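# Chain and residue survey
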Amino acid sequence: DPQQIELATASKRKLRRFIVIDEVVDKLYGAKVREYFEENNVQHKILSLPTTEETKSMDLVLNILHEVQNFSLDRRTEPIIAIGGGVCLDIVGLAASLYRRRTPYIRVPTTLLSYVDASVGAKNGVNFLQCKNKLGGYTPPVASFLDRSFIQSIPRRHISNGLGEILKMALMKHKGLFDLLKNHGKYLLDTKFQSCNSFADHGDAALQTTRIAIETMLEELAPNLWEDDLDRLVDFGHLISPELEMRVLPSLMHGEAVNVDMAFMTYVAHARGLLDAEEKEQILQCMRGLELPVWHSGCSWDLIQRALRERLKHSGGQPRMPLPTGLGVAEIFNDTSEETLERAYELWVRD
C-alpha cells in the first residue's frame, strides 16, 4: 500500500519491530537476524520460544501478548514478525489477530513444510483439549517472505515431512508436479531444496517444485479464504491425520501423518475404482521415494472410524472426502460406504 509506505518512511519516529523466533532457528540464525535489525537502525525486541506441537497452546499465545504489551507496539505501523516453522507461524498469527483485535504480522517460514503450507492462506491457531488447531481464526499476514536458504539447515526427515504437503497438491491438482516429485524426489532430499547449477539434468527442480506447490495451493485457497465452502481439495490427507497426529505425538510429524492419511485414501480410491492398480502403485512408490511413511500402526480401524465421525461434525454432516481420480486430478465424494472403507483398510493392512 503506497500510503502505508509513505507513512512509514515519512515518520520521524524510529522504526520498531517485535520478532518471535523459534528457539532452534534462533540458535542457527539469531545472530544474523539481530545484525540485520541493528544495521538498519531498527529498535527491536526478539522473543525466542520453543514452538512445537506439544507447546502449541493458548499459554504460549498469552506469553507472546504479555511481551507485545510491554514493547508498546503500534498496531497500525509495526507488524509482528514470526520466524520459524508452521507451529511458530500459527501461534504468532493467532496472537497478532487477538492483540487490539488485529495487529498486522509477517510470516518468515524456515522449514519446507511451512514454506509451502503455513506461509499460504489465512488460518492460524493452537491445539486445545488434545485436538489439533481447535482454537484459531482467519487472519492473513500482510506478507510472507520466502527464503529457501533457511531449509538447508533442517534435517533430512524435515525435508521429507514438507514433501508430504507438496505431494498432496500434486495428487489433487497437478500431474506435472507429481512427475517432478517422482523424477527428482531423491535429488531434492539430497540437496535440501537448494538451487544447484552443477546438476543440469535436474534443472532448477527446487524452484519449480516449490513455485508450483504454492501456486496450486493459492488457486485453491484464494477464492475460499474463509472456508465458506467446505468442499476443499486441500483437505486431502487431513481427514484422519489430525486424530492420528495428536494420538501418536511425537512419533509422527505433520507431513508424515498427512501422508499416512493419503496412503489410506489412495487405497479407498482404488477400492472405489477411481484408480487402477498401476496408478495406486505409482503413488505409493512416489511416497516411498520421498521417504514418507505409507503406514503407521497407530492408524487403527477404530481411529479411522472415530476421525471420520469427527469430520462429519465439522463439515456440515457430510464427509466431503477428496479422492484422486487419476494422477493429478481429484474430486470430492460424499457417498463412500463403510464397506468400501473397510475393504480398503484390509488391503492397506495386508500390503
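Residues numbered from 1 in each chain as written. Predicted model: local features only at pLDDT ≥ 70, side-chain atom pairs only at ≥ 80, totals over all residues. Heavy atoms only, no water.

Moving on, we come to helix α2 (residues 23-39). Between the first and last C-alpha of α2 there are 22 Å, a value that for 17 residues agrees with the 24 Å anticipated at 1.5 Å per step. If you look at α2, its biggest bend is around 75 degrees, right at Y29. Those residues of α2 not exposed but buried are V25, D26, Y29, G30, V33 and F37. Two to three positions downstream of the cap, the backbone nitrogen of V24 sits 2.9 Å from a side-chain oxygen, assigning the N-cap of α2 to D22. Remark: N41 follows α2 within two positions and exhibits a positive phi of approximately 55 degrees. (Helix = DSSP H or I, 4+ residues; strand = E, 2+ residues; numbered from the N terminus. Expected span 1.5 Å × (residues − 1). Bend = angle between axes of the 7 residues up to and from the residue. Buried < 20%, exposed > 50% of the residue type's maximum accessible area, 1.4 Å probe, protein only. Polar contact = N/O pair within 3.5 Å; in protein donor to acceptor, adjacent residues only side chain to side chain.)

Turning next to the pattern of salt bridges. Side-chain pairs of opposite charge can arise whenever the charged atoms involved come near each other. Across all of its chains, the model carries 29 salt bridges by this definition. For E53, the salt bridge goes to K132, with nearest N and O atoms at 2.7 Å. Here the residue E53 occupies a position in the loop between β2 (43-49) and α3 (58-71), and K132 occupies one in strand β6 (residues 131-138), the gap between them amounting to 79 residues. Residue classification places K132 among the buried residues on the basis of a relative accessible area of 17%. One salt bridge in this structure joins D235 and R232, with 3.1 Å as the shortest N-O distance. For the residue pair D235 and R232, the accessibility class agrees, reading buried in each case. Several salt bridges share partner residues, and in doing so they unite K123, E227, R232, D235 and R311 into one network. (Salt bridge = Lys/Arg side-chain N within 4 Å of Asp/Glu carboxyl O.)

Moving on: the UniProt feature "domain: 3-dehydroquinate synthase N-terminal" (unreviewed entry) in the chain. UniProt marks residues 48-160 with the feature "domain: 3-dehydroquinate synthase N-terminal" (unreviewed entry), using the numbering shown here. Overall, residues 48-160 shows 35% helix and 25% strand. The separation of its end C-alpha atoms is 26 Å. (UniProt positions renumbered as here; feature names shortened; annotations may be inferred.)

In this structure, L167 and F264 are the most contacted members of the largest nonpolar core, which totals 72 residues. Looking at which domains feed residues into this core, each of domain 1 (2-152) and domain 2 (155-224 + 232-350) supplies at least three. Here F264 is in contact with I240, I304, L341, A344, Y345 and W348, once residues within four sequence places are set aside. With 25 residues, the next largest nonpolar core counts L65, V92, A118 and V126 among its residues. (Core = buried A, V, L, I, M, F, W, Y, C linked by side-chain atoms within 4.5 Å. Domains from an automatic or database assignment. Contact = heavy atoms within 4.5 Å.)

The next thing to look at is the sheet that holds strand β7 (residues 143-144). The strand order β2-β1-β3-β4-β7 describes an open sheet built from 5 strands, whose pairing is parallel. Where the open sheet ends on each side, the last strands, each with one partner, are β2 and β7. In this sheet, β2 lies alongside strand β1 (residues 16-22) in parallel orientation, the contact comprising 7 bridges. Bridged to F18 within β2 is K45. Helix-sheet contacts for α2 involve β1, β2 and β3 (80-84), and the interaxial angle to β1 is about 160 degrees. Against the sheet, α3 contacts β1, β2 and β3, and its axis sits at roughly 165 degrees relative to β2. (Pairing = 2+ DSSP bridges. Axes fitted to C-alpha atoms, helices over the stretch in contact; angles between N-to-C directions.)

This part is about the domain arrangement of the chain. Quoted interface sizes are often the accessible area lost when the parts come together. As far as domains go, the chain holds domain 1 (2-152) and domain 2 (155-224 + 232-350). Placing the centre of domain 1 and that of domain 2 at their C-alpha centroids yields a distance of 28 Å. Taken residue by residue, the interface counts 20 residues in domain 1 and 28 residues in domain 2. Looking only at domain 1, the three residues that lose the most surface to domain 2 are L112, L113 and R148, adding up to 32% of its buried area. Salt-bridge contacts for E310 lead to K134; the nearest nitrogen and oxygen are separated by 3.3 Å. Across the domain 1-domain 2 interface, the total number found is 6 residue pairs in polar contact (both at pLDDT 80 or more). (Buried area = accessible area lost by both parts, 1.4 Å probe.)

Moving on: unusual backbone geometry. For the bond from L249 to P250, the omega torsion is 0 degrees, close enough to zero to count as cis. Along the chain, P250 turns up in the loop between α9 (241-248) and α10 (254-271). Positive phi, normally seen in glycine, also occurs at K192, with a value near 55 degrees. By secondary structure assignment, the location of K192 is in the loop between α7 (175-191) and α8 (205-221).

Side chains that are three or four residues apart share a direction in an α-helix, a result of its 3.6 residues per turn. With 17 residues, α7 extends 23 Å from end C-alpha to end C-alpha; this agrees with the ideal 24 Å at 1.5 Å per step. Taking the largest bend as the criterion, α7 deviates by roughly 70 degrees, centred on H184. Taken as a whole, α7 has its buried residues at L177, F178, L180, L181, H184, G185, Y187, L188, L189 and T191. Against α6 (156-173), α8 and α11 (277-289) lie the buried residues of α7. Count one or two residues on from α7 and you reach K192, which has phi positive near 55 degrees.

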